[in-house]
Structures are given as C-alpha cells and as structure tokens.
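A closer look at the structure
So the chains spell out like this:
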Amino acid sequence: MTRPIPVREFGSEPSTADIDIRQFVDGAAGLLGGAANVIMQLAHPPVGYGVIESTVTSGQVMVHPIKRLRTTITYLAVAMMGTEEDRATYREAVDTAHQQVRSRAGSPVKYNAFDPKLQLWVAACLYWGAADLYERMHGPMDEADAEAFYRYSARFGTTLQMRPELWPANHAAFERYWAENLAATSIDPRVRSYFEDLIDLKMLPRPARLAFGGVHRFFVTGLLPQHLRDEMGMSWSPRQDRALARILRTVGAAEQLLPTPVRVFPINAYLIDMRLRRRLGLRLV
C-alpha cells in the first residue's frame, strides 16, 4: 500500500515519517551495485582525484578493502536508516577524514571534500543507483513511492554538508540535473587504471580475484550508464543485458519472500555495529 507524501517545504530535511524506507533497502543491491556506483561518483574528476590522491591511507579501498567496505556501507546505513543522533555522530567522524582531502599544487583538478556541490553529485549517484537497482529487481515504483523515495534520498547528501535546498526540487528536476552532469563526466587514463584495478578486485588475494573477478566485471559493466561504459571502453551486448535482467529479477523475487531484517542485511548489521562502536568509544571511520 502506498504511503501518502506529507505536504512540507522541500528545503527542509526529509522526515522518517514520510516513508518506510525499509521497503526500498536491499542488502543484495548494495553489494551488487557498489563498485559501479563508485565509478559513477569518481567519474566526476574532482571526486575521482580526491579519492586517488587522498593521503588518508586508512580509507583507501586498494589498501584496506574490508575496512573501506565497512565505512561505506555504514554511511549508507546511517544516512538511510539512522537517527539524527546517528547521522550527527557519523558526520563528525567522516569530517575528520575529509579535512585532509584537498587538492594540492600539482593536482590536475581542484577539489575539496567539503564542497557541497561535490557531495550533491555523490548523493545523486547513490540515489540513481539505488533507484535503478530497486526497479531492476522489483519493477517500477508507482509515482507516489518514487517521489517519496526521491525526497528521502536527499539524506545521502545532507548526512554530510550538502544543504537540503541543493537537492533538485523534484524527480523531474533531478532527471535534468542527472542528464546534464552525467554527460559532463570524463574518465582519463589515470582514473581508468584505478577503475580497472577496482573492477578486477586487485585489492583481494589472487584466489579471490580468480574466483570472482569475472562475475564482478559483468555486474559492474551492466550497471553502469552507457556514457560511462563508453568512457571505460567497455562492450555490453543485448544478450548480456537480458541475462543481467533475469538475474536481478530472480534475486528480487527471492528477496520478497524474506523477512525484512534478512532482506535488509547486512545494512542493518552495519548500523548496529556503528552504534556499538560509538558506545564503546571505538573509531567509526
């Protein structure tokens, strides 16, 4: 049953009363679409070079892949399912790391991890990827649910420094923003090399790379927008697209049979882990 969208001024924070977000959260989707979404985000040069040139080695996926997975999924969990206290706590922890992410004299592009417009782009990628995967797995949302989920997804950005008014006012406005900014993304050889290592799971031991690298490349390629496939020099056939569609609909149908806590796993588990770490005074990021 569709929940009504309360009337409120859009520039305010999305309320947890607007929507039961758990119906749109898929643990499997977060894992299947993670690397493709990272590529979308980093295809915007200031974001890409901010990650590649970062001196915060503790957060680099190629150095600490398990830790990076934890901090990334924890951010998604806090942004979408966390309380205001959770979000404030995690924002402070992420800010500590982001303070060091600024372009230097020799950087090809200027960047600053605190730039709200860059955070808007990252949030837009997270929203687009989440909505795209949900509809591939479960079918199209109805208009009311789609708009409610879109408004709620501003939290992907407002959990950091993105002001609510930066989020495009409605889904139609977002589509215009997305089309314009996606077309402006470009992947240079240095960034492409980083992506190739990420796609081929070069951060993992060789047996894991051999076992999962090909499957990982299949999902990453299939979930990227065509513009970014072209930028990466990737090929993707109609037959592969049909195969991916069948896999995702099968996974989605199976998930529908699961209790909500199981379907949302491991996102709910990472939220619990963050709260436990906070209580014990352990490092969050």
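Notes on the structure in this doc start here.

Moving on, we come to the overall build of the protein. A tally of regular secondary structure across the protein gives 15 helices and zero strands. Computed over the C-alpha atoms, the radius of gyration of the protein is 18 Å, within 12% of the 19 Å expected from 2.2 N^0.38 for a compact globule of 285 residues. Counting only C-alpha atoms, the protein reaches 50 × 45 × 40 Å along its principal axes. Considering the protein as a whole, with its 285 residues, one finds that 46% of them fall into the buried category. For the protein, long-range pairs separated by at least 24 residues make up 75% of all intrachain contacts whose partners lie at least 6 apart in sequence. Summed over its atoms, the accessible surface of the protein is roughly 14,100 Å², and 58% of this surface lies on carbon and sulfur atoms.

Below, the discussion takes up the packing of helix H4 (residues 65-81) against helix H5 (residues 84-98). Where H4 meets H5, the axes come as close as 9 Å, and the angle between the chain directions of the two elements is 145 degrees. Pair H4 / H5 crosses with left-handed handedness. From H4, Thr71, Thr74, Tyr75, Val78 and Ala79 reach across to H5, where they touch Asp86, Arg87 and Tyr90. Its residues assigned to classes, the contact of H4 with H5 comprises four nonpolar, two polar and two charged.

All right, on to a nonpolar patch on the surface then. A cluster of nonpolar side chains, Leu276, Leu280 and Leu282, forms an exposed patch at the surface whose accessible area comes to about 290 Å². Take Leu282: it is sitting in the segment after helix H15 (267-280).

What follows covers unusual backbone geometry. Comment: phi is negative for the bulk of residues other than glycine, and the bulk of peptide bonds are trans. Residue Pro266 is bonded to the preceding Phe265 through a cis peptide linkage, with omega at 10 degrees. Of note, Pro266 is situated in the loop between helix H14 (260-264) and H15. Residue Leu201 is not a glycine yet carries a positive backbone phi of 60 degrees. Locating Leu201 in the fold gives a position in the loop between helix H10 (189-199) and helix H11 (206-223). Relative accessible area serves as the criterion here: at 10%, Leu201 is assigned to the buried category.

Definitions and cut-offs
- Residues numbered from 1 in each chain as written.
- Predicted model: local features only at pLDDT ≥ 70, side-chain atom pairs only at ≥ 80, totals over all residues.
- Heavy atoms only, no water.
- Helix = DSSP H or I, 4+ residues; strand = E, 2+ residues; numbered from the N terminus.
- Rg over C-alpha atoms; globule rule 2.2 N^0.38 Å.
- Buried < 20%, exposed > 50% of the residue type's maximum accessible area, 1.4 Å probe, protein only.
- Contact = heavy atoms within 4.5 Å.
- Areas by Shrake-Rupley, 256 points an atom, 1.4 Å probe, with all protein chains shown as cover.
- Axes fitted to C-alpha atoms, helices over the stretch in contact; angles between N-to-C directions.
- Left-handed = near helix turned anticlockwise from the far one by under 90°.
- Nonpolar A, V, L, I, M, F, W, Y, C, P; charged D, E, K, R; others polar.
- Patch = residues over 30% accessible without salt bridge, like charges linked within 9 Å, V, L, I, M, F, W, Y side chains within 5 Å.
- Salt bridge = Lys/Arg side-chain N within 4 Å of Asp/Glu carboxyl O.

Everything listed here is a matter of geometry and, on its own, says nothing about what the molecule does.
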